[in-house]
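So you can see what is in the structure, the chains are spelled out below.
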Amino acid sequence: MSCSRMENKILGYVDGRLKESERLEVEKHLATCAACRLRVNEFRAVSSLLDELPVIEPSPAFDLRVHARVAALPVKQSWWAWFPAPRVAIAAAMLLLATVWVGTRPNPAPQIAQDDIPVLENLDVLSNFDVLTELPQPVQADDGGQANPQM
Amino acid sequence: MARSDVQLMLDVKAGDEQSFTLLLHRYRTPLVNFLYRMVRNREQAEDLAQEVFLRVYKAREDYVPSAKFTTWLFRIATNLALNSVRDTRYQRMEISLDAPVTVDAEEGDEKTLDVAEKNPNIEQHLVEETRKKMIRHAIEKLPEKQRAAVLLHKYQELDYGEISKILQCSESALKSLLFRAYETLRVELAPLVAQHGK
Ligand SMILES: [Zn+2]
């Protein structure tokens, strides 16, 4: 076996994870290769240095926090519960479109609406139940729409 | 006889909250330690560990014992840790422009001097502290995927098959990750490695 083929086996050899046949193969190479013998010894040293790292204990409030977070979960989430989210996004999107159209510009080019669509799709992706409670928010883009009449 | 992880998880799925508590007790310490070494911040590690348990609980109804429970558990933890490390690195880059100090400091670092002042055996104590700090920093400096591989291999004693599933790489890619990590560690820890055989 070559030194480069040893690479994938040395650590397994050091912590005894090799199959018997592989182990014998490694030992045969080690008998003739000082460089790999050194590496084995040094990997062994590293491995035992890693044992010195102290173990920390979770804080006393850990369990309590987990249980509190579990208790705060919505009681039942069925698959159809996700449906309102896209609907809200669509509603918000339409509101935003309407705002852009009704906005100060007398002759809004259709491109405005098209350029806004990727943003609205992102809104869709990001939306979840939190959005439900903040439905009026997207309308604030009103300002953005007016302040950004690039097209 | 203690119930297996899979049995506990199936009991959680069937609505037994006690089994969830047992899983929590079995894995909170390994998870917090793994995450602490990954994200280098204790508070954040605990928060992420709680998030892991929360995700396990949320997934209970769809749970199918197709892989080992620990593989699943540490896969969730590793993904959370890697995302968090990447986010934090970005934040640190921003912070370090203004405040290049002590972002890396963590508990232990600050305490060293304090304890040494009160300890009569200062020299001995400082040697040990320095040694631990060197080991810790050597691990923390590893690229995150190598670090995860070392932690899972060394401290969780998972087998190559499990770890490669957790890290989503082949077994031979994992072995080469581990080899590179140990190569780096033996260089970083050279003074301690040299002392070792003596
Ligand atoms: Zn060799």
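Data block above holds the structure.
These remarks concern the structure in this document. Given the structure is predicted, the values throughout are model-derived calculations rather than measurements. (Residues numbered from 1 in each chain as written. Chains lettered and ligands numbered in written order. Predicted model: local features only at pLDDT ≥ 70, side-chain atom pairs only at ≥ 80, totals over all residues. Heavy atoms only, no water.)

### Section: the overall build of chain B
Here is step 1 of the chain: When you go through chain B residue by residue, the secondary structure sums to ten helices and zero strands.
Here is step 2 of the chain: The linear arrangement of helices and strands in chain B, starting from the amino end, is α-α-α-α-α-α-α-α-α-α.
Here is step 3 of the chain: The buried share of chain B, taken over its 198 residues, is 45%.
Here is step 4 of the chain: Sequence separation of 24 or more characterises 63% of the internal contacts of chain B that already satisfy a separation of 6 or more. (Helix = DSSP H or I, 4+ residues; strand = E, 2+ residues; numbered from the N terminus. Buried < 20%, exposed > 50% of the residue type's maximum accessible area, 1.4 Å probe, protein only. Contact = heavy atoms within 4.5 Å.)

### A short note on empty space enclosed by the protein
Here is step 1 of the chain: Counting across every chain of the model gives one cavity of 30 Å³ or more.
Here is step 2 of the chain: If you add up the space inside the largest cavity, you get close to 30 Å³.
Here is step 3 of the chain: Those elements that provide at least two residues to the lining of the largest cavity are helix 1 (3–14) of chain A together with helix 9 (171–188) of chain B.
Here is step 4 of the chain: When the residues that make up the lining of the largest cavity are grouped by side-chain class, the tally is four nonpolar, one polar and two charged. (1 Å grid on protein atoms, 1.4 Å probe; cavity = no way out; pocket = protein on both sides within 12 Å on 5 of 7 lines; lining within 4 Å. Points joined across faces, edges and corners; volume = space filled by probe spheres on them. Nonpolar A, V, L, I, M, F, W, Y, C, P; charged D, E, K, R; others polar.)

### Things to note about the interface of chain A and chain B
Here is step 1 of the chain: Taken together, the contact between chain A and chain B spans 33 residues of the former and 47 residues of the latter.
Here is step 2 of the chain: Taken over both partners, the interface formed by chain A and chain B buries close to 4,000 Å², and the fraction arising from carbon and sulfur atoms is 63%.
Here is step 3 of the chain: In this structure, the salt-bridge partner of Arg131(B) is Glu52(A), at a minimum N-O distance of 2.7 Å.
Here is step 4 of the chain: Where chain A touches chain B, the interface holds 19 residue pairs in polar contact (both at pLDDT 80 or more).
Here is step 5 of the chain: Here the side of chain A that touches chain B takes nine residues from helix 3 (residues 34–50) of chain A, the largest share from any one element.
Here is step 6 of the chain: Broken down by class, the residue content of the side of chain A that touches chain B amounts to 15 nonpolar, six polar and twelve charged. (Buried area = accessible area lost by both parts, 1.4 Å probe. Salt bridge = Lys/Arg side-chain N within 4 Å of Asp/Glu carboxyl O. Polar contact = N/O pair within 3.5 Å; in protein donor to acceptor, adjacent residues only side chain to side chain.)

### Concerning the environment of Ala148(B)
All names here are of chain B.
Here is step 1 of the chain: You can see Ala 148 is positioned in helix 7 (residues 144–154).
Here is step 2 of the chain: Measuring from C-alpha to C-alpha, the distance between Ala 148 and Ile 166 comes to 9.5 Å, with 18 residues separating the pair along the chain.
Here is step 3 of the chain: Among residues more than four places away in sequence, those in contact with Ala 148 are Phe 34, Met 38, Thr 78 and Leu 167.

### Some remarks on the coordination of the zinc ion
A four-donor tetrahedral metal ideally has 109.5 degree angles, and a six-donor octahedral metal ideally has angles of 90 or 180 degrees.
Residue and element names in this part refer to chain A.
Here is step 1 of the chain: Those donors, Cys 3 (SG), His 29 (NE2), Cys 33 (SG) and Cys 36 (SG), are the protein atoms that reach the zinc ion, and they lie 2.1 to 2.3 Å from it.
Here is step 2 of the chain: Coordination at the zinc ion is tetrahedral, judged from the four donor atoms that bind it and the angles of 103 to 117 degrees they form at the metal.
Here is step 3 of the chain: Mapped onto the polypeptide sequence, the residues donating to the zinc ion form the spacing pattern C-x25-H-x3-C-x2-C. Note on accessibility: His 29 and Cys 36 belong to one class, buried. (Donors = N, O, S within 2.8 Å, 3.2 Å for Na, K, Ca; no water. Tetrahedral: all angles 85-135°; square planar, octahedral: opposite > 155°, others 65-115°.)

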